[in-house]
Amino acid sequence: EYLSIEELKKFKLVILSNLENISERNIKLIRQYIQQGGKILFTYQTAFTNEFLKPYPMNKKLLSLFKSVSELNEKVVFVKTKQSIKSPFIRANNGALKVDKKKSQNILGSLILPAMQETKEHWISHNIHPGIESRWPSIIRGRFGKGRFIYLAFDFFMEYGEQDLPSFHN
């Protein structure tokens, strides 16, 4: 509630780690910070609800920086990065979002869906394997005004904390 553009400008990078609940006032401040040359890294379901837990419409979620956003049905997905890392992919055990990027945004990674869909007959175990690469990006880099952002469509910091794998360090 005490956030100001002056406070934000003190930082070279602002990280919003799955900050689901955020007021419209603070969304405007963060957008202003980016427009004026700020840099942010944000993840997963950032800005999905207001401070009273009332959901924002789909076009306002993720700071309104993308064409569209929706839920992905799979609980476990895999992330393939464009940058070379020690493993072929990162496993995201807590799901991800389907995000449609804008034309000027760059894809730095994509989502790989599981080889088997979870149904009543098939349930996901620890042995779920990656399937085909989807059209959905998992990591997006973009510009907004004079600033820049990187968005990760999965809860990177939760996965990092739970898994602590070398691929996360990369």
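Located above this text is the structure these notes cover.
The structure displayed is predicted, hence computed values, not measured ones.

Visitor: Please provide a residue-by-residue account of the nonpolar core, values included.
Guide: Judged by nonpolar contacts, the single largest core of 28 residues is most densely connected at Ile40, Phe42, Leu63, Phe66, Val99 and Tyr151. Of all elements in the fold, only helix 1 (5–8), strand 1 (14–16), helix 2 (24–35), strand 2 (39–43), strand 6 (97–100), strand 8 (130–144) and strand 9 (147–152) reach the threshold of two or more residues within this core. When neighbours within four sequence positions are excluded, valine 99 is seen to be in contact with Leu62, Phe66, Ser68, Val69, Trp136, Pro137, Ile140, Tyr151 and Ala153. Formed by 15 residues, the second largest nonpolar core is a distinct cluster that contains Leu41, Val77, Val79 and Phe168.

Visitor: How would you explain the sheet that holds strand 8 if you had to name every residue and give the values?
Guide: What the 7 strands build is an open sheet, ordered 1-2-9-8-7-4-5; its pairing is mixed. Edge positions in the open sheet fall to strand 1 and strand 5 (90–92), since each of these has one partner strand only. The mean angle between the axes of side-by-side strands here comes to 25 degrees, regardless of whether they run parallel or antiparallel. Bridge analysis of strand 2 against strand 9 gives 5 bridges, and the strand direction is parallel. Bridging across to strand 9, lysine 39 finds its partner in arginine 148. In the packing of helix 2 onto the sheet, the strands contacted are strand 1, strand 2, strand 8 and strand 9, and the crossing angle to strand 2 comes to about 135 degrees.

Visitor: With reference to specific residues and values, describe a nonpolar patch on the surface.
Guide: There is a patch of nonpolar side chains on the surface, built from Leu13, Ile15 and Phe157 and spanning about 250 Å² of accessible area. Residue position: isoleucine 15 is located in strand 1. In this structure isoleucine 15 comes out as partly exposed when scored by relative accessible area, which is 45%.

Visitor: Outline unusual backbone geometry, listing residues and values.
Guide: Here asparagine 18, not a glycine, exhibits a phi torsion of approximately 50 degrees, which is positive. With respect to the helices and strands, asparagine 18 occurs in the loop between strand 1 and helix 2. The backbone of leucine 53 shows a phi angle near 70 degrees, a positive value even though the residue is not glycine. Position of leucine 53 among the secondary structure elements: in the loop between strand 2 and strand 3 (68–71).

Visitor: Any chance you could break down the pattern of salt bridges for me, citing the residues and the numbers?
Guide: In this structure the tally under the stated criterion is 4 salt bridges. The partner of arginine 135 in a salt bridge is aspartate 100, and the shortest N-O contact between them spans 3.5 Å. Taken together, the positions of arginine 135 in strand 8 and aspartate 100 in strand 6 put the pair 35 residues apart, joining distant regions of the chain. Overall, arginine 135 belongs to the exposed group, its relative accessible area being 58%.

How each quantity is defined
Residues numbered from 1 in each chain as written. Predicted model: local features only at pLDDT ≥ 70, side-chain atom pairs only at ≥ 80, totals over all residues. Heavy atoms only, no water. Core = buried A, V, L, I, M, F, W, Y, C linked by side-chain atoms within 4.5 Å. Buried < 20%, exposed > 50% of the residue type's maximum accessible area, 1.4 Å probe, protein only. Helix = DSSP H or I, 4+ residues; strand = E, 2+ residues; numbered from the N terminus. Contact = heavy atoms within 4.5 Å. Pairing = 2+ DSSP bridges. Axes fitted to C-alpha atoms, helices over the stretch in contact; angles between N-to-C directions. Patch = residues over 30% accessible without salt bridge, like charges linked within 9 Å, V, L, I, M, F, W, Y side chains within 5 Å. Areas by Shrake-Rupley, 256 points an atom, 1.4 Å probe, with all protein chains shown as cover. Salt bridge = Lys/Arg side-chain N within 4 Å of Asp/Glu carboxyl O.

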